[in-house]
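So you can see what is in the structure, the chains are spelled out below.
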Amino acid sequence: MLLFVPKENKGLLRGLSMLFSLAGAGVAAAVFSKFDEAKVGLQMVEKAEWLPSLGISYSLGIDGISLLLVVLTAFLAPVVILSTYKAVDEGAKGFLFCLHLLQTGMLGAFLAEDVFLFYIFWELMLIPMYFIIGIWGGERRIYAAVKFFIYTLTGSLLMLAAVLYIYFIYKTQTGTASFALTDLYNIKLTLTEQLWLFSAFALAFAIKVPMFPFHTWLPDAHVEAPTAGSVILAAVLLKMGTYGFVRFAFPLFPQAAISFVPVIAVLSVVGIVYGALVALVQPDMKKLIAYSSVSHLGFVMLGLTAL
């Protein structure tokens, strides 16, 4: 709807953006109030056939793992849009459009129960964030945006290859085509297959976390991004990586996860100490937040490896 509003009418653009973000926060509050924590499995499932011949469906649902992340994402949107009232004047229409597109991608990734659909939302997040950094960022915005794009895309393509592999293995084993996560949980894989597939998923998620030594894109992106972009990066996008480990990598490849625990734990501890030490000497507030994020996400990853 924002695209139909003239770019000169910044007041209306901001007002509509705030209205829609508040509506999203309202829906998230309703979901939170209606969520039954005693119930096992997905709730409030929305499912529609999309490409049935390939086993792809538009399938969304929520459980205890994604609930708080969805609420965080939805309630952060009005705060971020409020910051644009003074911070973004040039190209406000495009900026607000990118914010809403990014919001869609983030919420979709947390809610998707079809692995192919998750991958689409995962990649969708990359595009608006690239423009937010590259157009409305600081002096080195192009360098930071391209670095962010290349790092994230490289990991994502490896994950796509792994997704297609388990899809074809499931089809071979069962005779039915499905990208449904609950179906793929039942796939039978050798330890060698699990190790390779876990590595592909883990690399994509480790870059997003970001874990040491895949963290080098974050300080540049954080510093060069406008304030709204920095807030979304620190608050939501970094949590996408840890969510990916919990939702996909660990349950899909449990034996490989146990094998990789020592490696992940060691890298997490290195990230905790390294990130904290580098944060101590930063004169720039955004860089301080970026490196402290590397440190505190190290704690999250260390917690996950406790299994």
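For every chain, the first residue of the written sequence is number 1, and numbering continues from 1 along that sequence. With pLDDT at 70 or above as the cut-off, local features in this predicted model cover only qualifying residues; side-chain atom pairs require 80 or more to be listed or tallied, and sums for whole chains, interfaces and linings still use all residues. Water and hydrogen atoms were dropped before computing side-chain values, which therefore reflect all heavy atoms in the structure.

Quick word on the overall build of the chain
Per the secondary structure count, the chain includes 11 helices and two strands. Secondary structure counts use DSSP, requiring at least four H or I residues in a row for a helix and at least two E residues in a row for a strand, with both numbered from the N terminus. Along its sequence from the N terminus, the chain presents helices and strands in the succession α-β-β-α-α-α-α-α-α-α-α-α-α. For the radius of gyration, the atom set is restricted to C-alpha positions; the globular benchmark scales as 2.2 Å times the number of residues to the power 0.38. Taking 307 residues into account, the globule formula puts the C-alpha radius of gyration at 19 Å, and the chain, at 20 Å, falls close to it. Based on the C-alpha atoms only, the size of the chain along its principal axes is roughly 55 × 45 × 35 Å.

Notes on the packing of helix 4 (residues 115–136) against helix 5 (residues 141–174)
At their nearest, the axes of helix 4 and helix 5 sit 9 Å apart, and the two run at 170 degrees to each other. With respect to their mutual orientation, helix 4 and helix 5 come out roughly antiparallel. In the scheme used here, Gly and all other residues not listed as nonpolar or charged are polar, with Ala, Val, Leu, Ile, Met, Phe, Trp, Tyr, Cys and Pro taken as nonpolar and Asp, Glu, Lys and Arg as charged. By residue class, the composition of the contact of helix 4 with helix 5 is 20 nonpolar, three polar and two charged. To obtain each axis, a line is fitted to C-alpha atoms, and for helices this fit is confined to the stretch in contact; angles are then taken between N-to-C directions over 0 to 180 degrees. Oblique is the label for any angle not under 35 degrees, not over 145, and not in the 65 to 115 range, which are roughly parallel, roughly antiparallel and roughly perpendicular in turn.

Re the confidence of the model for the chain
The pLDDT averaged across the chain works out to 89; a share of 100% of its residues lies at or above 70. Here helix 8 (residues 217–224) is the element of the chain with the lowest mean pLDDT, 83, and helix 10 (residues 254–280) is the one with the highest, 92. Across the chain, each position has a pLDDT score giving the predictor's confidence in that residue, from 0 to 100.

What about helix 8?
Only protein chains enter the calculation, and the probe is 1.4 Å; a residue is then buried if its accessible area is under 20% of its type maximum, exposed if over 50%, and partly exposed in between. For helix 8, a buried count of seven out of eight residues is recorded, marking the element as mostly surrounded by other parts of the structure. Along helix 8, the positions that sit buried rather than exposed are Trp-217, Leu-218, Pro-219, Asp-220, Ala-221, His-222 and Glu-224. Whether two residues are in contact is decided by their heavy atoms: any pair within 4.5 Å suffices. Of the surrounding elements, those touching the buried residues of helix 8 are helix 4, helix 5, helix 7 (191–208), helix 9 (227–252) and helix 11 (285–305).

Describing the side chain of Glu-224
Residue position: Glu-224 is located in helix 8. The side chain of Glu-224 is buried and forms no salt bridge, while Arg-140, the nearest opposite charge, is found at 4.2 Å. Beyond its immediate sequence surroundings of up to four residues, Glu-224 is in contact with Ile-133, Gly-137, Gly-138, Glu-139, Arg-140, Arg-141 and Ala-144. Under the convention used here, Asp and Glu are negative, Lys and Arg are positive, and both His and the chain ends fall outside the count. Salt bridge criterion: a side-chain nitrogen from Lys or Arg within 4 Å of a carboxyl oxygen from Asp or Glu.

Thoughts on helix 3 (residues 92–111)
The terminal C-alpha atoms of helix 3, which comprises 20 residues, lie 29 Å apart, in line with the 28 Å expected from a rise of 1.5 Å per residue. Of all the 20 residues making up helix 3, 14 are buried; the element is thus mostly covered by neighbouring parts of the structure. Expected helix span is taken as 1.5 Å per residue step, with the number of steps being one fewer than the number of residues.

What to know about the pairing of strand 2 (residues 56–62)
Most of strand 2 sits inside the fold, with six of its seven residues counted as buried. When DSSP finds two or more bridges between two strands, those strands count as paired. One ladder, built from six bridges, connects strand 1 (residues 43–51) with strand 2; its direction is antiparallel. Bridge pairing in strand 2 places Glu-49 opposite Ser-57.

Here's the deal with the packing of aromatic side chains
Ring geometry is summarised as follows: Phe, Tyr and Trp rings, the Trp one being its six-membered ring, pair when their centres sit within 6.5 Å, and such pairs are stacked at plane angles under 30 degrees, edge-to-face over 60 and tilted between the two. As enumerated under the stated definition, the model contains 21 aromatic pairs in all. Three or more aromatic residues link up through ring pairs in this structure, and these residues are Phe-118, Trp-122, Phe-198, Phe-201, Phe-205, Phe-245, Phe-248, Phe-250, Phe-253 and Phe-260. By definition here, charges over rings are those cases where NZ of Lys or CZ of Arg is within 6 Å of the ring centre and within 35 degrees of the ring normal. In this structure, Lys-208 is placed above the aromatic ring of Trp-122, and the distance from its NZ or CZ to the ring centre is 5.0 Å.

Some details on the nonpolar core
A general tendency of soluble globular proteins is for nonpolar side chains to be buried together. What makes a nonpolar core is a set of buried Ala, Val, Leu, Ile, Met, Phe, Trp, Tyr and Cys residues whose side-chain atoms join them at distances within 4.5 Å. Phe-198, Phe-201 and Phe-245 are the most contacted members of the largest nonpolar core, which has 92 residues in total. Looking at this core element by element, the count peaks at 14 residues for helix 9.

Some points on the environment of Glu-193
Mapped onto the elements of the fold, Glu-193 is located in helix 7. In sequence terms Glu-193 and Tyr-243 are 50 residues apart; their C-alpha atoms lie 22 Å from each other. Dropping the residues within four chain positions of it, Glu-193 is found in contact with Tyr-165 and Ile-169. For Glu-193, the side chain forms a polar contact with the side chain of Tyr-165, separated by 2.5 Å. For this analysis, a polar contact is any N or O atom pair within 3.5 Å, provided that within protein one partner can donate a hydrogen and the other can accept it, and provided that sequence-adjacent residues contribute only side-chain to side-chain pairs.

Quick word on a nonpolar patch on the surface
Candidates for patches are residues over 30% relative accessible area with no salt bridge; among them, like charges are joined within 9 Å and nonpolar side chains (Val, Leu, Ile, Met, Phe, Trp, Tyr) within 5 Å. The method behind every accessible area is Shrake-Rupley, applied with a 1.4 Å probe, and residues are considered shielded solely by the protein chains displayed. A cluster of nonpolar side chains, contributed by Val-269, Val-273, Leu-277, Leu-280, Val-281 and Leu-302, occupies part of the molecular surface with about 560 Å² of accessible area. Looking at the nonpolar patch, the element that brings in the most residues is helix 10, giving four residues. Inspection of the secondary structure assignment puts Leu-302 in helix 11. Leu-302 sits in the partly exposed class, given a relative accessible area of 30%.

Regarding unusual backbone geometry
That bond from Val-209 to Pro-210 is cis: its omega, -10 degrees, falls within 30 degrees of zero. Considering the arrangement of structural elements, one finds Pro-210 in the loop between helix 7 and helix 8. Residue Pro-213 follows Phe-212 across a cis peptide bond; omega there is 5 degrees. Relative to the elements of secondary structure, Pro-213 occurs in the loop between helix 7 and helix 8. Phi is positive for Met-44, close to 50 degrees, though the residue is something other than glycine. Its location among the elements puts Met-44 in strand 1. Among the residues examined, Met-44 registers a relative accessible area of 41% and is labelled partly exposed. Of note in this structure, Leu-307 is not a glycine but carries a positive phi near 50 degrees.

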